[in-house]
Amino acid sequence: MPRQIFQLKMSLAEVRPPVWRRVLVPAGYTLDRLHRVVQHAMGWRDCHLHSFEIDAVQYGEPDPDGELALHDELDVRLDAVLGKGSRFSYTYDFGDWWEHDLVVEDALTADPDERYPVCLDGERACPPEGVGGPPGYQALLVALADEDDPAGPVDPRQATLRDWAGSTFEPSRFDPDRATTLLRRFS
């Protein structure tokens with residue numbers, strides 16, 4: 001029987017302009033492998049806790065302290081809990097609370113000549129880790145936009161944010177080929 005592939009679209013919730021990715025992943029992947037796909041496709045560094053919510057059930061890494069009531073993501077294959085049209089969420093970094101909306105846009109037959117996972121498309125760079133969630137990211141975008149306005153007053157908080165983000169952070173940049181390279185190396 002040919003392998004099934006899910007086409008997933010993942011979008012950061014409460015972030016404007018939108019930050020999103022479209023990926024192809026084997027439907028036989030477990031949720032822990034999908035976690036790695038989300039991390040590398042989006043551009044996160046996997047420094048924080050995460051969880052999935054599918055049909056009101058929470059999944060994640062086993063909690064040795066038992067404080068989080070999560071089902072073990074290692075035990076759950078995508079094709080056992082998802083199908084074409086399924087919508088679910090992934091939350092990363094319970095402090096900054098980056099919520100991702102995910103949808104299974106399509107279920108396809110694997111191309112025998114293709115390696116998976118693959119990042120097909122996306123828009124905008126992932127927000128920097130530790131920026132403070134969607135409100136902090138919005139403040140960073142305002143600070144970066146104000147930097148382009150030489151007539152505007154210099155707000156020391158905005159200058160600090162710009163310095164913190166560094167000169168290499170470009171919010172509009174995203175390269176799906178680079179994301180695919182990372183996906184194949186680390187997923």
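Our subject is the structure listed above.
Residues numbered from 1 in each chain as written. Predicted model: local features only at pLDDT ≥ 70, side-chain atom pairs only at ≥ 80, totals over all residues. Heavy atoms only, no water.

### Observations regarding the pattern of salt bridges
Pairing between side chains of opposite charge can happen when the charged atoms of each approach one another.
Logical step 1: Under the criterion given, the structure shown has six salt bridges.
Logical step 2: For the salt bridge of Arg 36 with Asp 32, the shortest nitrogen-to-oxygen distance reads 3.4 Å. Separated by four residues within a single helix, Arg 36 and Asp 32 lie in helix H1 (residues 31-42), roughly one turn from each other.
Logical step 3: Look at Arg 36 and you get partly exposed, because its relative accessible area is 27%.
Logical step 4: Asp 32 gets classed as buried once you look at its relative accessible area, which sits at 12%. (Salt bridge = Lys/Arg side-chain N within 4 Å of Asp/Glu carboxyl O. Helix = DSSP H or I, 4+ residues; strand = E, 2+ residues; numbered from the N terminus. Buried < 20%, exposed > 50% of the residue type's maximum accessible area, 1.4 Å probe, protein only.)

### Digging into the packing of aromatic side chains
Logical step 1: Inspection of the entire model under this criterion finds five aromatic pairs.
Logical step 2: An angle of 40° between the planes, with centres 5.2 Å apart, marks the rings of Trp 44 and Trp 98 as tilted. You can see Trp 44 sitting in the loop between H1 and strand S3 (50-54) and its partner Trp 98 sitting in strand S7 (residues 98-109), a full 54 residues away along the chain. The pair Trp 44 / Trp 98 is uniform in exposure class, with both members buried.
Logical step 3: Members of the aromatic cluster, connected to one another through ring pairs, are Trp 44, Tyr 92 and Trp 98.
Logical step 4: Sitting over the ring of Trp 20, Lys 9 keeps its end group 4.6 Å from the ring centre.
Logical step 5: Its end group placed over the ring of Tyr 29, Arg 33 keeps NZ or CZ at 4.0 Å from the ring centre. (Phe/Tyr/Trp six-rings, centres within 6.5 Å; stacked < 30°, edge-to-face > 60°. Lys NZ or Arg CZ within 6 Å of the ring centre and 35° of its normal.)

### Digging into helix H5 (residues 176-186)
Logical step 1: Burial in H5 covers these residues: Ala 179, Thr 180 and Leu 183. Down the axis of H5, the sector holding all buried residues measures 100°, keeping them to one side. Projecting away from the buried face of H5 at angles above 90 degrees are the exposed residues Asp 177, Arg 178 and Arg 185.
Logical step 2: Where H5 is buried, its residues meet strand S2 (20-26), H1 and strand S8 (118-123).
Logical step 3: Among the residues of H5, the N-terminal cap falls to Asp 175, whose side-chain oxygen and the backbone nitrogen of Asp 177 are separated by 3.0 Å. (Arc of directions from axis to C-beta. Contact = heavy atoms within 4.5 Å. Polar contact = N/O pair within 3.5 Å; in protein donor to acceptor, adjacent residues only side chain to side chain.)

### Description of the pairing of strand S1 (residues 4-12)
Logical step 1: Bridge count between S1 and S7: nine bridges; the pairing is antiparallel. Bridge pairing links Ser 11 to Asp 101 in S7. (Pairing = 2+ DSSP bridges.)

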